[in-house]
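Here is what each chain is made of, one letter per residue.
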Amino acid sequence: MNYKKDFRDNQGYIARLFVFLLTLYNKFKLMRKIEHIGIAVKSLETSNLLFEKLFGQPPYKQEEVVSEGVKTSFFMNGPNKIELLEATNPDSPIAKFIDKKGEGIHHIAFDVYDIEEEMMRLKNEGFIVLNEVPKKGADNKLVVFLHPKGTNGVLIELCQEIK
């Protein structure tokens, strides 16, 4: 078998395969999936009971994120996660959101492979990133937010699992 000849004959295929794999690799570094949907609520206790009835199970995790002034509960529904957010002080972003818009969908969060790289990519695309450096969020994540003025009125959160 002539390996050099076989390689030369397949160089076009190998180059296309390499480009495909490189493209696939880069796609995995971007927004990979919806990580969760965040819902602002006035009362976590009341809303937990409602969502327990809705999903037929209790939240799998509850925690407080002091830096954001919120308490959270996370529910699983199949592969989907719902995060309930209750303000712990009147100056928190969630309290301001509820005062302005009432209870409801607050944000959509996307899982990313490299949050800092994704921040730079989105800044270069013209999006407004609300925090200059990722901060610790709930559910063992680093998070940053995109300003809703640049995303059709939807607050977008980028999440990266803390390793």
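These notes cover the structure that comes with them. No experiment lies behind these values; they were computed from the predicted model shown.

1. Topic: the overall build of the protein
Secondary structure assignment for the protein yields five helices and eight strands. Burial analysis of the protein (163 residues in total) assigns 36% to the buried set. Taking as baseline every contact in the protein between residues at least 6 positions apart, the subset at least 24 positions apart corresponds to 54%. By element, 58% of the accessible surface of the protein is carried by carbon and sulfur atoms, the whole surface being about 10400 Å².

2. Observations concerning the pairing of strand β5 (residues 104–112)
Every other side chain in a regular strand lies on the same face of the sheet, so the side chains alternate between the two faces. Note: strand β1 (residues 31–41) against β5, eight bridges, orientation antiparallel. Residue pairing for β5: Met 31 is matched across the bridge by Val 112.

3. Some details on the pattern of salt bridges
Evaluation of the coordinates by the stated rule reveals 11 salt bridges. Taking the shortest distance from any N to any O, the salt bridge between Glu 118 and Arg 121 comes out at 2.7 Å. Of this pair, Glu 118 and Arg 121 both sit in helix α5 (residues 115–124), separated by three residues, roughly a single helical turn. For Lys 123, the salt bridge goes to Glu 132, with nearest N and O atoms at 3.2 Å. Taking the relative accessible area as the measure of exposure, Lys 123 reaches 30% and is therefore partly exposed. By relative accessible area, Glu 132 is classed as exposed at 59%. Among the charged side chains, a network of salt bridges with common partners joins Glu 35, Lys 61, Glu 63, Lys 81, Asp 139, Lys 141 and Glu 161.

4. Here we look at unusual backbone geometry
A negative phi holds for most residues other than glycine; trans holds for most peptide bonds. Look at Asp 139: it is not a glycine, yet its phi comes out positive at around 60°. Considering the arrangement of structural elements, one finds Asp 139 in the loop between β6 (135–136) and β7 (141–146). Even without a glycine there, the phi angle at Asn 140 is positive, about 60°.

5. Examining the nonpolar core
Phe 110, Val 112, Ile 115, Met 119, Leu 122, Val 129, Val 144, Leu 146, Ile 156 and Leu 158 form the largest nonpolar core, which has 10 residues in total. The set of elements that each furnish at least two residues to this core consists of β5, α5, β7 and β8 (155–161). Looking at this core, the element that brings in the most residues is α5, giving three residues. With near-sequence residues (within four places) excluded, Met 119 lies in contact with Val 129, Asn 131, Glu 132, Val 133, Pro 134 and Val 144. Counting residues in each nonpolar core, the second largest holds nine residues, with Val 70, Phe 74, Phe 97 and Ile 98 among its members.

About the thresholds
Residues numbered from 1 in each chain as written. Predicted model: local features only at pLDDT ≥ 70, side-chain atom pairs only at ≥ 80, totals over all residues. Heavy atoms only, no water. Helix = DSSP H or I, 4+ residues; strand = E, 2+ residues; numbered from the N terminus. Buried < 20%, exposed > 50% of the residue type's maximum accessible area, 1.4 Å probe, protein only. Contact = heavy atoms within 4.5 Å. Areas by Shrake-Rupley, 256 points an atom, 1.4 Å probe, with all protein chains shown as cover. Pairing = 2+ DSSP bridges. Salt bridge = Lys/Arg side-chain N within 4 Å of Asp/Glu carboxyl O. Core = buried A, V, L, I, M, F, W, Y, C linked by side-chain atoms within 4.5 Å.

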